[in-house]
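# Close look at the chain arrangement
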Amino acid sequence: MNKVVFDFIKQNEDLIRHSDFQELYAVAESGDHARGIESLSGDNIGLLSETFRRADINPLLFLDHVPGEYFYGNYQLDEIVVPGNCKNINSYAFGGTSITKAILEEGVQSISYNAFFRCPRLKRVVLPPSIDFIEEDAIHPHDYKLEIVCAPNSYADRWAREQHKFTIINTNNFRGW
């Protein structure tokens, strides 16, 4: 692990455990010399995200939405779970990533334009019944094999069928998808 990132985590353990992570990233980007993170910026922010992933910490657990471009261009992601406390997924949040599967948990309500843009490995998106708004180009399939898993007759089901570009799997049991 990069020593700068390790030192940052060690010195800011309480902030990491009890913040909304936006504050944590703001501290990291500020170059706050008092916290010993003067060189933690740019690529190191991505490394910080990777460090959380390796530590099995999902920073989305501390946010009420997924900010635009939050994971943009992160090629370290394989699967992502968006917890229900994140009500909205903003534009380009997962754009340009290498994710293969996105699981949106019950509680997520909306997906903005291009939230899943240029995700060539994306094969499956699990949409909960709580979804009540998806912008037309929120999910771009790389091919027509992209599966949308959703409850039958739900908003997500109707949206996916209107798009005519997904394989739709209807289920009321979302465990294991």
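Just above, that's the structure.
What comes next is a walk through the structure. (Residues numbered from 1 in each chain as written. Predicted model: local features only at pLDDT ≥ 70, side-chain atom pairs only at ≥ 80, totals over all residues. Heavy atoms only, no water.)

## Description of the sheet that holds strand β9 (residues 167-170)
- Taken together, five strands build an open sheet; the order of strands is β2-β4-β6-β8-β9 and the sheet is parallel. Only two strands of the sheet have a single neighbouring strand rather than two, namely β2 (79-82) and β9. Strand-to-strand twist of the sheet, defined as the mean angle between neighbouring strand axes without regard to direction, takes the value 15°.
- Where β2 and strand β4 (residues 101-104) come together, four bridges link them in parallel fashion. Bridging from a neighbouring strand, V81 pairs with I103 of β4.
- Against the sheet, helix α5 (residues 155-163) engages β8 (147-150) and β9, with an angle of about 160° to β9. (Pairing = 2+ DSSP bridges. Helix = DSSP H or I, 4+ residues; strand = E, 2+ residues; numbered from the N terminus. Axes fitted to C-alpha atoms, helices over the stretch in contact; angles between N-to-C directions. Contact = heavy atoms within 4.5 Å.)

## Some words on the sheet that holds strand β7 (residues 133-134)
- Spatially, the four strands line up as an open sheet ordered β1-β3-β5-β7, and their pairing is parallel. A strand with exactly one partner marks an edge of an open sheet, and here the two such strands are β1 (65-66) and β7.
- Where β1 lies against strand β3 (residues 88-89), two bridges are found, and the strand directions are parallel. Within β3, the residue paired with H65 across the bridge is N88.

## What about α5?
- Within the span of α5, buried status applies to A156, D157, W159, A160 and Q163. An end-on view of α5 places all buried positions within 165° of arc, on one side of the element.
- Those residues of α5 that are buried lie in contact with β7, β8 and β9.
- Phi for H164, located one or two positions after α5, is positive at around 55°. (Buried < 20%, exposed > 50% of the residue type's maximum accessible area, 1.4 Å probe, protein only. Arc of directions from axis to C-beta.)

## Considerations on the environment of V82
- Along the chain, the position of V82 falls in strand β2.
- Look at V82 and you get buried, because its relative accessible area is 0%.
- As a C-alpha pair, V82 and N58 span 24 residues in sequence and 8.8 Å in three-dimensional space.

## Description of the packing of aromatic side chains
- Using the criterion set out here, one finds six aromatic pairs in the structure.
- Relative to Y92, the ring of Y72 has its centre 6.4 Å away and its plane inclined at 70°; by these criteria the two rings are edge-to-face. Here Y72, found in the loop between β1 and β2, pairs with Y92, found in the loop between β3 and β4; they are 20 residues apart in sequence, far enough to count as distant.
- The exposure class of Y72 is partly exposed, given its relative accessible area of 41%.
- Its relative accessible area of 26% is what places Y92 among the partly exposed residues.
- Ring plane angle 15° and centroid distance 5.1 Å describe the contact between F94 and F116, whose orientation is recorded as stacked. On the criterion of sequence distance, the pair formed by F94 in the loop between β3 and β4 and F116 in the loop between β5 (110-111) and β6 (124-126) is long-range, its members being 22 residues apart.
- Ring pairing ties together the aromatic residues Y70, F71, F94 and F116, which thus form one cluster. (Phe/Tyr/Trp six-rings, centres within 6.5 Å; stacked < 30°, edge-to-face > 60°.)

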